[in-house]
Amino acid sequence: MQSKIAVVTGANRGLGQATARALAEQGYHVIACARDSESGTRAVESMQADKLSVELRVVDVTSADQVRDLGRYIRETYKRVDVLVNNAGLILETRQAGGERSANPLLVSPMTIMETVNTNTLGALRMIQALALLMPEGGRIVNVSSGMGQLSDMDGGWLGYRLSKTALNSITRVFATELAERGILVNSVCPGWVRTDLGGGDASRSIEEGIDTIVWLASDPEATESGGFWRDRARIEW
Ligand SMILES: NC(=O)c1ccc[n+]([C@@H]2O[C@H](COP(=O)([O-])OP(=O)(O)OC[C@H]3O[C@@H](n4cnc5c(N)ncnc54)[C@H](OP(=O)(O)O)[C@@H]3O)[C@@H](O)[C@H]2O)c1
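Numbers given for residues are sequential positions, taken from 1 along each chain in its written order. In view of the model being predicted, local features appear only for residues whose pLDDT reaches at least 70, and side-chain atom pairs are presented and counted only at 80 or more, with totals across whole chains, interfaces and linings using the full set of residues. As a rule here, side-chain values come from all non-hydrogen atoms in the structure, and water together with hydrogens is ignored.

1. With respect to the site of the ligand
Among the 28 residues in the neighbourhood of the ligand, the closest are listed as Asn12, Arg13, Tyr161, Val194 and Thr196. In protein, a polar contact requires one atom able to donate a hydrogen and another able to accept it; more generally it is a pair of N or O atoms within 3.5 Å, and residues adjacent in sequence count only if both atoms are side-chain atoms. The contact in question runs from an oxygen atom of the ligand to an N or O atom on the side chain of Arg13, over 2.6 Å. Note that a nitrogen atom of the ligand is positioned 2.9 Å from one of the side-chain N or O atoms of Asp60. Per-residue and other accessible areas were derived by the Shrake-Rupley procedure at a 1.4 Å probe size, with only the shown protein chains allowed to occlude residues. For the ligand, whose accessible area on its own is 890 Å², the fraction buried by protein is 94%. Strands are runs of DSSP state E lasting at least two residues, helices are runs of H or I lasting at least four, and both sets are numbered from the N terminus onward. Counting residues per element, the ones that place at least two in the shell around the ligand are helix 1 (14-25) and helix 6 (159-178). Residues that form the shell around the ligand fall into these classes: eleven nonpolar, twelve polar and five charged. Whether a residue is near a molecule or strand depends on its heavy atoms: it is near if one of them lies within 4 Å of it. Throughout, the ten residues Ala, Val, Leu, Ile, Met, Phe, Trp, Tyr, Cys and Pro are labelled nonpolar, Asp, Glu, Lys and Arg are labelled charged, and all others, Gly among them, are labelled polar.

2. Re the packing of helix 4 (residues 110-120) against helix 5 (residues 122-131)
Any two packed helices are characterised by how steeply their axes cross, that is the angle between the axes, and by the distance between the axes. A fitted line through C-alpha atoms represents every axis, and for helices the fit uses only the stretch in contact; the resulting angles, taken between N-to-C directions, go from 0 to 180 degrees. Following both chains from N to C, one finds helix 4 and helix 5 inclined at 30°, their axes separated by 3 Å at the closest point. In this view, helix 4 runs roughly parallel relative to helix 5, as classed from their interaxial angle. Contact with helix 4, carried on its side by Val117, Asn118, Thr119 and Asn120, involves Leu122, Gly123, Ala124 and Arg126 of helix 5 and no other residues of that element. Per-class residue counts for the contact of helix 4 with helix 5 are three nonpolar, four polar and one charged. Roughly parallel refers to an angle under 35 degrees, roughly antiparallel to one over 145, roughly perpendicular to one between 65 and 115, and oblique to any angle outside these ranges. By definition, residues are in contact when any of their heavy atoms lie within 4.5 Å.

3. A closer look at the environment of Val174
Checked against the element boundaries, Val174 lands in helix 6. Sequence separation of Val174 and Val44 is 130 residues, and the distance between their C-alpha atoms is 33 Å.

4. Quick look at helix 4
Accessible area is worked out with a 1.4 Å probe on protein chains only. A residue is then buried under 20% of its type maximum, exposed over 50%, and partly exposed in between. Looking at helix 4, one finds that the buried residues are Thr112, Ile113, Thr116, Val117, Thr119 and Asn120. Down the axis of helix 4, the smallest arc covering the buried residues is 165°, so these residues share one side. More than 90 degrees from the buried face of helix 4, the exposed residues found are Pro110, Met111 and Met114. Along its buried surface, helix 4 packs onto helix 5 and helix 6. By definition, the arc is the one covered by directions from the helix axis to the C-beta atoms.

5. Some remarks on the packing of aromatic side chains
Between the rings of Phe, Tyr and Trp (Trp by its six-membered ring), a pair exists once the centres lie within 6.5 Å; its type follows the angle of the planes, with under 30 degrees stacked, over 60 edge-to-face, and the other angles tilted. Applying the stated criterion to the full structure yields three aromatic pairs. Where Tyr73 meets Tyr78, the ring centres are 6.2 Å apart and the plane angle is 80°; that geometry is what we call edge-to-face. A relative accessible area of 19% places Tyr73 in the buried class. We call a charge positioned above a ring when the Lys NZ or Arg CZ atom is no farther than 6 Å from the ring centre and deviates by at most 35 degrees from the ring normal. Sitting above the plane of the Tyr73 ring, Arg57 keeps its charged end 3.6 Å from the centroid.

6. Comments concerning the sheet that holds strand 8 (residues 234-235)
Think of it this way: DSSP has to see at least two bridges between two strands before they count as a pair. The strand order across the open sheet built from eight strands is 3-2-1-4-5-6-7-8, with neighbouring strands paired in mixed fashion. Bordering the open sheet on either side are strand 3 (54-58) and strand 8, each of which pairs with just one other strand. Relative to strand 4 (residues 83-86), strand 1 (residues 5-8) is paired through three bridges, and the arrangement is parallel. Paired with Ala6 across the bridge in strand 4 is Val83. Taken strand by strand, helix 1 contacts strand 1, strand 2 (29-34), strand 3 and strand 4, and its axis lies near 170° from that of strand 1. The strands that helix 3 (residues 64-77) touches are strand 1, strand 2 and strand 3; relative to strand 3, the one it contacts most, it runs at about 145°.

7. Overview of helix 7 (residues 207-219)
An ideal rise of 1.5 Å per residue puts 18 Å on 13 residues; helix 7 measures up with 18 Å between its terminal C-alpha atoms. Think of it this way: the bend at a residue is just the angle between two axes, each fitted to seven residues, one set ending at that residue and the other starting at it. The largest bend along helix 7 measures about 30° and falls at Thr213. Taken residue by residue, helix 7 has Gly210, Ile211, Thr213, Ile214, Val215, Trp216, Leu217, Ala218 and Ser219 as its buried positions. Buried residues along helix 7 sit against helix 1, strand 4, strand 5 (140-144), strand 6 (185-189) and strand 7 (229-231). Every helix has an expected span of 1.5 Å times one less than the residues it contains.

8. Examining the pairing of strand 5
Within strand 5, five of the five residues are buried, which leaves the element mostly enclosed by the surrounding structure. Burial along strand 5 is two-sided: Arg140, Val142 and Val144 facing one way and Ile141 and Asn143 facing the other are all buried. Pairing of strand 4 with strand 5, which is carried by four bridges, proceeds in the parallel orientation. Across the sheet, Val85 pairs through a bridge with Val142, a residue of strand 5. Pairing between strand 5 and strand 6: five bridges, direction parallel. Its bridge partner being in strand 6, Asn143 is matched across the sheet by Ser188. On the question of chirality, the crossover connecting strand 5 to the parallel strand 6 by way of helix 6 is right-handed. Orienting the strands away from the viewer, one traces the path from the first strand over the helix to the second; a clockwise path indicates a right-handed crossover.

In structure tokens:
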């Protein structure tokens, strides 16, 4: 029998790489997507060295062509996708930058905000549009969001990152409704503050803690809800 197929974006490092490994360890064939082929190859080879079923596809989620090519490749090769983890994401706004990339909403350039949304929000949308029709009943989409996009706990700073994740949560809600009839589960996850390149060394959580709810929603038979925003395997406010 063919293994279940899981697609993870931004799988060359951080939470994405760990999620790809965890799903492969559960027996999924993982299509690890990375925009950088060198670090993507390194990540995939380290998993293959442990006899895991993982392959690399070079996908920049801001490239409509590369995402479309991925969809075509999966349709022709496997005819299905069981799990999609939209993990690729970035923060362009920094405390250090005083100008257009400032974390201060009074200074940040709208172009910086657009670039952030193009990756964190529209990247996930492109992936869903390319792959949702290849999902069978029981398929799962996990959007890696952030508490920084939580309207009920909204704070100052990092406007672009915050609104990219709030908008990603809207994508979760819309597709949870759109895909409900086909039995596809769509959820958002906040992994917490995790020690990755993005989260920094002072973050409170390990990568293993960060991926727990992502992997649970992607694969656990008991995780059967859709249209939620989750942290630590529990629903949180939008
Ligand atoms: N760490 C935290 O505390 C935290 C908290 C809440 C939410 N998150 C979310 O968790 C997700 C993973 O973040 P992380 O902490 O693992 O950060 P990370 O180590 O910086 O990894 C980010 C990943 O996203 C990829 N990526 C960025 N832009 C991309 C694009 N256009 N196309 C394809 N891949 C792209 C990066 O690829 P390159 O190597 O090529 O740059 C990298 O693989 C993000 O969505 C982030 O917003 C993280």
